[in-house]
Amino acid sequence: MSSTSTSPELMEFLDSSKPRQAISGVTVRLVGDSGDGMQLLGTQLTNVSALAGNDVATFPDFPAEIRAPRGTRAGVSGYQVHFASEEIFTPGDGLDALVAMNPAALVTNIGDLKPAGYLILNRDSFDAKDLKLAKLDQDPRQGDRLKPYHVIEVPMTTLTRTAVEGTGLSVKEADQCKNFFAMGLVFWLYGRDYRPTLRFIEAKFKHLPAVAEANRRALTAGWNYGETTEHFASTYQVAPARLQLGTYKNVMGNQALAWGLMAAAELSGKELFVGAYPITPASDVLHELSRYKHFGVRTFQAEDEIAAVCSAIGVSFGGGMGVTVSSGPGIALKTEGMGLAVMLELPLLVLNIQRGGPSTGLPTKTEQADLLMAMFGRNGEAPLPIIAARSPADCFDAAIEAWRIATRLMTPVVLLSDGYIANGAEPWRIPDLSKLPKIEIRHPAAQSSGEPFRPYLRDEYLSRPWAVPGTSGLMHRIGGLEKEDVTGNISYDPKNHQHMVNTRAQKVANASQLIDPVQVTGDDSGLLVLSWGGTYGACYTATVRARAQGKRVGHAHLRWLNPFPANLGEILKRYQRVLIPELNTGQLRFLIDAKFRTGAIGLNKVQGKPFTVSELVDEILRLA
Amino acid sequence: MSSTSTSPELMEFLDSSKPRQAISGVTVRLVGDSGDGMQLLGTQLTNVSALAGNDVATFPDFPAEIRAPRGTRAGVSGYQVHFASEEIFTPGDGLDALVAMNPAALVTNIGDLKPAGYLILNRDSFDAKDLKLAKLDQDPRQGDRLKPYHVIEVPMTTLTRTAVEGTGLSVKEADQCKNFFAMGLVFWLYGRDYRPTLRFIEAKFKHLPAVAEANRRALTAGWNYGETTEHFASTYQVAPARLQLGTYKNVMGNQALAWGLMAAAELSGKELFVGAYPITPASDVLHELSRYKHFGVRTFQAEDEIAAVCSAIGVSFGGGMGVTVSSGPGIALKTEGMGLAVMLELPLLVLNIQRGGPSTGLPTKTEQADLLMAMFGRNGEAPLPIIAARSPADCFDAAIEAWRIATRLMTPVVLLSDGYIANGAEPWRIPDLSKLPKIEIRHPAAQSSGEPFRPYLRDEYLSRPWAVPGTSGLMHRIGGLEKEDVTGNISYDPKNHQHMVNTRAQKVANASQLIDPVQVTGDDSGLLVLSWGGTYGACYTATVRARAQGKRVGHAHLRWLNPFPANLGEILKRYQRVLIPELNTGQLRFLIDAKFRTGAIGLNKVQGKPFTVSELVDEILRLA
Amino acid sequence: MSTDLPVLTANDFTSDQDVRWCPGCGDYSILAQMKKILPTLGIPPHQTVFISGIGCSSRFPYYVNTYGLHSIHGRAPAFATGLKMTRPELSVWVITGDGDALSIGGNHFIHLMRRNVDLNIILFNNSIYGLTKGQYSPTSPLGKVTKSTPMGSLDFPLNPISVALAAEATFVARSVDTNIKHLGEVLLRAARHKGTSFVEVYQNCNVFNDGAWDYAKDKAVREENTIELEHGKPLVFAGGKKGIRLNGFEPEIVNLDGRVSQDDLLFHDERAHSPTLAYLLSRMRYPEFPEPIGVFRAVERPTYDYLVNHQIEQARVQRGVGDLQKFLAAGDTWTVT
Amino acid sequence: MSTDLPVLTANDFTSDQDVRWCPGCGDYSILAQMKKILPTLGIPPHQTVFISGIGCSSRFPYYVNTYGLHSIHGRAPAFATGLKMTRPELSVWVITGDGDALSIGGNHFIHLMRRNVDLNIILFNNSIYGLTKGQYSPTSPLGKVTKSTPMGSLDFPLNPISVALAAEATFVARSVDTNIKHLGEVLLRAARHKGTSFVEVYQNCNVFNDGAWDYAKDKAVREENTIELEHGKPLVFAGGKKGIRLNGFEPEIVNLDGRVSQDDLLFHDERAHSPTLAYLLSRMRYPEFPEPIGVFRAVERPTYDYLVNHQIEQARVQRGVGDLQKFLAAGDTWTVT
Ligand SMILES: Cc1ncc(C[n+]2csc(CCOP(=O)(O)OP(=O)(O)O)c2C)c(N)n1
Ligand SMILES: Cc1ncc(C[n+]2csc(CCOP(=O)(O)OP(=O)(O)O)c2C)c(N)n1
Ligand code: SF4
Ligand code: SF4
Ligand SMILES: [Mg+2]
Ligand SMILES: [Mg+2]
């Protein structure tokens, strides 16, 4: 299913007879029961908005249970979409519209709706049973609580049932179409082109024509409902954003990560191998990659995370592209294997899609609390480079860069993403692969001198040769015991050990010569906001806003956490204060303080949720 | 075999006819092939010296191989003993005497012998084959190399064979007695009482009377050789040290650790459980404890380190004393389990007998490089208290203190020791258990209200109740998912998560109210030497010496690495400079810099060996 | 004060937590049977402990009003072993899934079996990873199309019963979630066995692997596709119309049509000295054979917890109860006065 | 340029490293046999890889002049699986110990078996932890007194052959370190088998467990205590004087004294469809029975590395070789101009 819609004007045809109000951006959250298809609804709204040329950022949020009890608060699943005619970097703070499919969804989300925002409810889901499931004594629609909002109650279930009558669906099946009714209504309200969704329905229900027909009808019914009801005085129009020239598609973080790995493989002339054990929110990387066997991608669902990392090291030993992906608890299990990779000095990517911790923690929630584990979570002195992706689309580039460093320096690299990035979506400019720099990899050639091969002879970056089994004359044996430099033989010599510890550290430090210096946006004195990973968008946006309010604020974002870019110390010095916002208790701040002794200020949130821009703005205004 | 020798005068009877020279302390190193019994020899010398009332400190050093090829450099095994008439804290730097059983042992150790020191060689082991095994082109006794020393060549093999003639031993067996010959000679030289060793021989070879007799004869022959040969002009006499009043015995670190755990169990009214998987240098804790079943000690050799830590957590859940012990690579495997223990808030001791890393590293060598793994080696925000033992005897107290905090705060505690402490030995004053403070543990009593039990209701230190299965009315379920405070129910609530992350951190921080403030010896301004773990003795001794040379130097030693003692920040401020010597690349320094932003100076050695006092003195003189 | 034991009911074993499995999940049925047999064991809730790993099935402890530990993925046997070694008087159940027990937890599983710790381990086998939303598991058939194997899985499945038997298990049984009478009986037998009782339960995951066990569940066909093992009885199925006979080492299906009589059939012996018969039965798989349900093997061997605690007692008899002060003061000592 | 293959010798497979096992260790003998068979396989050293875990036995790779990976404790099968999936043309050997394979590595071991990755795994079974100086291992007998079990071990031992068979192994064999002819032949058979070849070798640790296998090694008694398996042949031992007959599911020893003939004996079938016979043989343990040595089972099943790479090819046939640029540009896209 490939379609390139180059002209937003097409939408004219779908336009409403009602007046159209132009706005620069909208944040909508769709909430309902896990079984209500909210994730699908959100994905479609994201997609059509992206296709409309808007910039888009999303935030899906779902429970840990597969199917938490229907109608309960624990079962509420949500999807937030922010689309705009300007470049945006977060899924938005306050909601312009909230679509709530049941009382549990309403009460758990209403707090985020802006005053005067649209609250669209499924009126059919507010009977006594629904209220009881949501543990409500009283109907939340009674009293003054909803007064501040523009409440629109729609009998969605009834209207959907009517719309799909005659398709042959059972009542239960018919009711499952109501998310498409809601979708139609939302699409109408924001002037979205629903034809991509019609195509989606066609493809998805190829083998269930009745269901396809019912969903199409529900979607149209929702649209028509908006057009005919008196509730809405006007529709809203969000013009295309002026993004960089190019062809775009909408990507989720885990998808972009998978594609980035495939691109890195291609750029380095390797075939990709990913050893993984399923774990939320990392599994989708495995799922995605398992579909591309025709690209030579080998995925291995190992018996556990230990086997996963070890299999990947085995692959790298064999000259392949060894990658492993997991999340917190799974990464904890890989630490011994990662230590071995440090000792072997083989390239390896360890992807950690961070989630709420500690322990099993909050599996479906986001957090940035595995940075120090990435730095120090191995026995002995076992440094390795660490890179963090900053947004869904950025995962693509981060994967390539990680592999570039891993192969150049013959070292395992940790790539940090998180649940927010992994499941979030944004427009991604499709790169021209032929223009991306190749990843040069040289394997030493066969040798017939009869001399023993020297696997730890180093180059100018202290990187050792990647000799590949099958090459004649290069037979060598390596392992986890300390080894003599150059020869790679086991060595218990004290001086050699010191030398090797220093060398491994220096090699990782050398990465700072291979990575970009950190760049600052905004002011170059006053307050510096220093961010890493998925908080990029919120921090960037907040600094823009703070400057708009006349504050002297700069923003720097760290892509590499280890080593730090060479110019970081010098940049930190320019500012009077440094604010480090993190979704942990201050892990980067800890590293920065230890290294630069800046006395940075932390803004720390550990709630399984990303920062809102306003939380950041408030803090910046307080400090700047 | 219990014997209390209260009177060093007994030794008179064993005294030599040669003149006796009184000295305050001696450092002897015994080196030979792994098969030569050097460890046994060293242990005996340690023992008799301790029994003579000397203060003693030792440093055994042996290869990773079980039996490295005989006579090679890789196979050299050594044991250094420092005994003195004053309190000492290290096994000594320069050697007063070196006993070398073969050429490989000679060339790999001669560098540490002081000029004019005794070099005692087994002349029978210097034939062409021996030289070849040691990869020597030339006999090291030739040329000027040994000129600076007092070389005494003894045909030990020949003399031993003669001595044991008639006992019925084969030549091979006879040759195995030559370490006792060497022992006799050394005992003679330093006026050691050899009767405890005779008792040892009797007990050890109870079932091999011929071997016992031969060893006895070899020992006596060695003694007599000293007495009759012209080589020695005098013997040396080291008077008893003026240690604190009390009854002493000689302990090795792992032994003291095991006994400390048993004492902690007794003090808290618990039975001890240790789940472990063998690993050097931690296995001896398991071995030692497995012998005390009549104390109710249950040892469990688990299938791996993961099972080991999990079994211990299971025990703690059941109200028992759950302990697990391992070393670096094994601890790496425990990280997921430790994270769970943090979440469960159950007491647990995780003992890490650190060794050279990373990865398999240098299994039989010492290092302090797992501190940051102890701090941060878990996914998510998972803080726990960390204590480090400072010497072999101190392991006893550290174990008790660790368990006291673990139970008081319901938290896993990491106890760090290292290979140097584990295998080193020193005199230990046997405590009066009845005078040690009890470890108060209260388990909530049965409840019949029918109300659900609240497992996360906290006390003034934020500690939760330790309700034990089998208690009626307290049934509750806990796990690794984030839980609601007080009730312990699973909770995905953002605010609760923040609260729990903060609470767990605060609880660990509260330990600073329960531990001793850090104490400074020496000057309270100038240079502060800040140490932790096994470098205590060397740092203490070095600061004493530096002060003796007129420098303004203080010494502070950290027993708790997390949290830091409450007064640490204030103490650091008093000094102009802070020097942190560590057997790693600067891990404590990193923590100190991050927390106090002191800009401490590191002295870092990663050579699998402890600091020598003079290395430290040199650095202190340079800085103070 | 009355000393009568209160009569317990399923209610006493019901916790106050909402059950959060998908509607229709086979786990409900297993929970119901468990809550039915628990009150009959004469063990009060507070002397019962449920320990689980991670997975849908591993949520089980939250739903029974006993002590419970929802641990980490695959490691429940290790927690349970430690607990039982030190608290042998407690009744301990381990709840696990096919991924939990046989993928990440395979090693602890076999070591639990060989040690024969006196506890019960119930494996909810849905041949899929439920909680992580549908990847294949070690019991998924070859060629299974799942989220992680879009072209079909390539890993030859493990047979949990075979593995348990090879790992020296003393009690091995199988049942089916919806065959509630059978399941209840098997759980009861497991509870009563001294030693590690391993029960594999075919459990339907109606969301990610619906119908995987239909052949063993559907009333219409289950008599053809399963065979109930009864100690000392011949292997008869299909309502008495068919049986299993031995042909060398291979079982074969025979019609009990008169020419072959029950006496010619293979007789079940759950107490056989060697596990070979049980192993042979474990190799009978659908569709070639009806799959045995019931108790494959039930033999006695001293339990690990017994042996451990017995050794403690022995040591105390041999050496006296340890006196720590005396112990510390013993050996080569000297006194500074 | 000549295309003749150079004739290889044991020397070509000898590395420049000093061998550091204890004098007298059984590992030497296994190394010698390995270096004897390697040159006969027609695979040059540079296409051969040895992967090991940690233990005395796991030092093995250093001593053969091939590519080698001395990995971490228990995980060698995982490294080897990754390597072989991506480099199926290499000849891969895994060297492991009884602790390495069955204690910490038990899970990887069973998953290797079921996947049937085309490699050879040789377990040096000395029934002890050598490298860590003498703790009991999963194959140590009950009651074994070791450093960690001064009153005797309580863990019922695992039977490596039974476990391998239950984990769906396709090639399972056993030999003895000093029975060099037999060992050489078994290693050769293992090398030639397509799929995972598992060989248990009884290896003497003369330092920490000397004599553990004397019954199977000593010339004087080994004929009485072992039985050489030969495909299609009756189970005869003790120089032809005794044999093994089946009594129900239990083997029994019979004297071949004329009243019982070879035809009455159990015949070995290493290719049997079901692994039950091999399993039964694995249960024959000293001292009750002579222990079988040789090949218990050797059957064909597609190898994991083949299947993985075949799926890649299939995908390419079905969907064409992937064009990444085209792939990235596909789907719902829009262009900003
Ligand atoms: C260390 C670790 N790895 C992975 C996971 C993710 N995970 C949770 S449950 C599960 C498997 C569930 O399958 P199964 O054991 O069959 O249980 P089911 O959900 O089917 O009942 C996985 C992979 C985890 N929680 N921890
Ligand atoms: C993670 C980890 N745990 C423990 C060890 C220590 N260790 C090394 S080898 C070994 C067991 C050796 O026994 P086995 O596998 O039977 O090999 P053998 O030495 O007998 O040949 C152990 C426990 C280790 N190196 N790594
Ligand atoms: S996903 Fe499957 S196993 Fe899990 S609760 Fe739902 S139906 Fe049951
Ligand atoms: S300890 Fe045992 S297994 Fe290890 S090398 Fe020595 S004899 Fe061999
Ligand atoms: Mg499952
Ligand atoms: Mg072994």
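What counts and how
- Residues numbered from 1 in each chain as written.
- Chains lettered and ligands numbered in written order.
- Predicted model: local features only at pLDDT ≥ 70, side-chain atom pairs only at ≥ 80, totals over all residues.
- Heavy atoms only, no water.
- Buried < 20%, exposed > 50% of the residue type's maximum accessible area, 1.4 Å probe, protein only.
- Helix = DSSP H or I, 4+ residues; strand = E, 2+ residues; numbered from the N terminus.
- Axes fitted to C-alpha atoms, helices over the stretch in contact; angles between N-to-C directions.
- Parallel < 35°, antiparallel > 145°, perpendicular 65-115°, else oblique.
- Left-handed = near helix turned anticlockwise from the far one by under 90°.
- Contact = heavy atoms within 4.5 Å.
- Nonpolar A, V, L, I, M, F, W, Y, C, P; charged D, E, K, R; others polar.
- Donors = N, O, S within 2.8 Å, 3.2 Å for Na, K, Ca; no water.
- Buried area = accessible area lost by both parts, 1.4 Å probe.
- Salt bridge = Lys/Arg side-chain N within 4 Å of Asp/Glu carboxyl O.
- Phe/Tyr/Trp six-rings, centres within 6.5 Å; stacked < 30°, edge-to-face > 60°.
- Lys NZ or Arg CZ within 6 Å of the ring centre and 35° of its normal.
- Domains from an automatic or database assignment.
- Polar contact = N/O pair within 3.5 Å; in protein donor to acceptor, adjacent residues only side chain to side chain.

Q: What should I look at first to understand helix α1 (residues 27-37) of chain D in this one?
A: An α-helical turn contains 3.6 residues, so a residue and the one three or four places further along point in the same direction. For α1(D), the tally of buried residues reaches 8 of 11 residues, placing the bulk of the element in the interior. Where α1(D) is concerned, the buried positions are D:D27, D:S29, D:I30, D:L31, D:Q33, D:M34, D:K35 and D:I37.

Q: Got a minute to help me understand the packing of helix α1 (residues 27-37) of chain C against helix α6 (residues 180-192) of chain C in this structure?
A: Helix-helix packing is characterised by the crossing angle of the two axes and by the distance between the axes. Residue and element names in this part refer to chain C. One can describe the packing of α1 onto α6 by two numbers: an axis separation of 9 Å at closest approach and a directional angle of 55°. Between α1 and α6, the angle is such that the two are oblique. By crossing handedness, the relation of α1 to α6 is classed as right-handed. When α1 is examined against α6, the residues S29, I30, Q33, M34 and I37 are found in contact with a partner set consisting of I180, L183, G184, L187, L188 and A191. A class-by-class count of the residues in the contact of α1 with α6 yields 8 nonpolar, 3 polar and no charged.

Q: I'm lost on the coordination of the magnesium ion (ligand 5) in this one. Help?
A: A metal bound by six donors in octahedral fashion has ideal angles of 90 or 180 degrees, whereas one bound by four tetrahedral donors has an ideal angle of 109.5 degrees. Residue and element names in this part refer to chain C. Bound to the magnesium ion (ligand 5) on the protein side are D98 (OD), N126 (OD1) and I128 (O), at distances that span 2.0 to 2.2 Å. Binding-site remark: the magnesium ion (ligand 5) is held by donors from one chain whose sequence spacing is D-x27-N-x1-I. Highlighted residues: D98 in helix α3 (residues 98-104) and N126 in the loop between β4 (120-125) and α5 (160-166), separated in sequence by 28 residues. Judged by relative accessible area, D98 falls into the buried class, the value being 2%.

Q: How do you make sense of the interface of chain C and chain B when you look at a structure like this?
A: Interface size is commonly expressed as the accessible surface area that is lost when the partners come together. With 60 residues of chain C at the interface, the matching set in chain B holds 80 residues. Of the roughly 5,800 Å² buried at the junction of chain C and chain B (both faces included), carbon and sulfur atoms supply 61%. Summed over the three residues of chain C that lose the most area to chain B, namely C:Y67, C:D332 and C:W334, the buried surface amounts to 16% of that side. Inspection of the region where chain C meets chain B yields 3 salt bridges. In this structure, B:E303 and C:R115 form a salt bridge, with 2.9 Å as the shortest nitrogen-oxygen distance. Every element with two or more residues in the side of chain C that touches chain B is listed here: β2 (67-70), α2 (76-86), α4 (106-115), α10 (304-319), α11 (324-329) and β12 (332-336) of chain C. At 8 residues, α10(C) tops the list of elements feeding residues into the side of chain C that touches chain B. Looking at side-chain class alone, the side of chain C that touches chain B contains 25 nonpolar, 25 polar and 10 charged residues.

Q: Is there a simple way to explain the packing of aromatic side chains in this structure?
A: Across all of its chains, the model carries 71 aromatic pairs over all chains by this definition. Centroid distance A:Y292 to A:F295: 6.0 Å. Interplanar angle 85°. Geometry classified as edge-to-face. Classification of A:Y292 by relative accessible area gives buried; the value is 3%. By relative accessible area, A:F295 is classed as buried at 15%. Ring centres of A:Y292 and D:F327 lie 4.6 Å apart, and the angle between their planes is 65°; this geometry places the pair in the edge-to-face category. Within this pair, whereas A:Y292 is found in the loop between α10 (283-289) and β12 (298-301), its partner D:F327 is found in helix α11 (residues 324-329), the two belonging to separate chains. Look at D:F327 and you get buried, because its relative accessible area is 18%. Members of the aromatic cluster, each reached through a chain of ring pairs, are C:W21, C:Y28, C:F50, C:F60, C:Y63, C:W93 and C:F124. Taking the ring centre of D:F156 as reference, the NZ or CZ of C:R301 above it sits at 3.8 Å.

Q: How do you make sense of the environment of A:F453 when you look at a structure like this?
A: Residues and elements named next belong to chain A. Tracing the sequence through the fold places F453 in the loop between β17 (425-429) and β18 (477-479). As for F453 and A128, which are separated by 325 residues in sequence, their C-alpha atoms are 78 Å apart. Contact partners of F453, with chain neighbours within four places excluded, come to P444, Q447, P465, A467, G473, L474, M475, H476 and T487.

Q: Hey, could you run me through the domain arrangement of chain A in this one?
A: Residues and elements named next belong to chain A. Domains assigned within chain A are domain 1 (8-238), domain 2 (249-435) and domain 3 (520-623). Counting residues at the interface gives 4 residues for domain 1, matched by 9 residues for domain 3. When domain 1 packs against domain 3, close to 580 Å² is buried across both sides, 69% of that on carbon and sulfur atoms. Contact with domain 3 buries area across many residues of domain 1, yet F89, T90 and D93 alone supply 77% of it, more than any other trio. Our count for the domain 1 to domain 3 interface comes out at 2 residue pairs in polar contact (both at pLDDT 80 or more). Along the lines of polarity and charge, the residues of the side of domain 1 that touches domain 3 split into 2 nonpolar, 1 polar and 1 charged.

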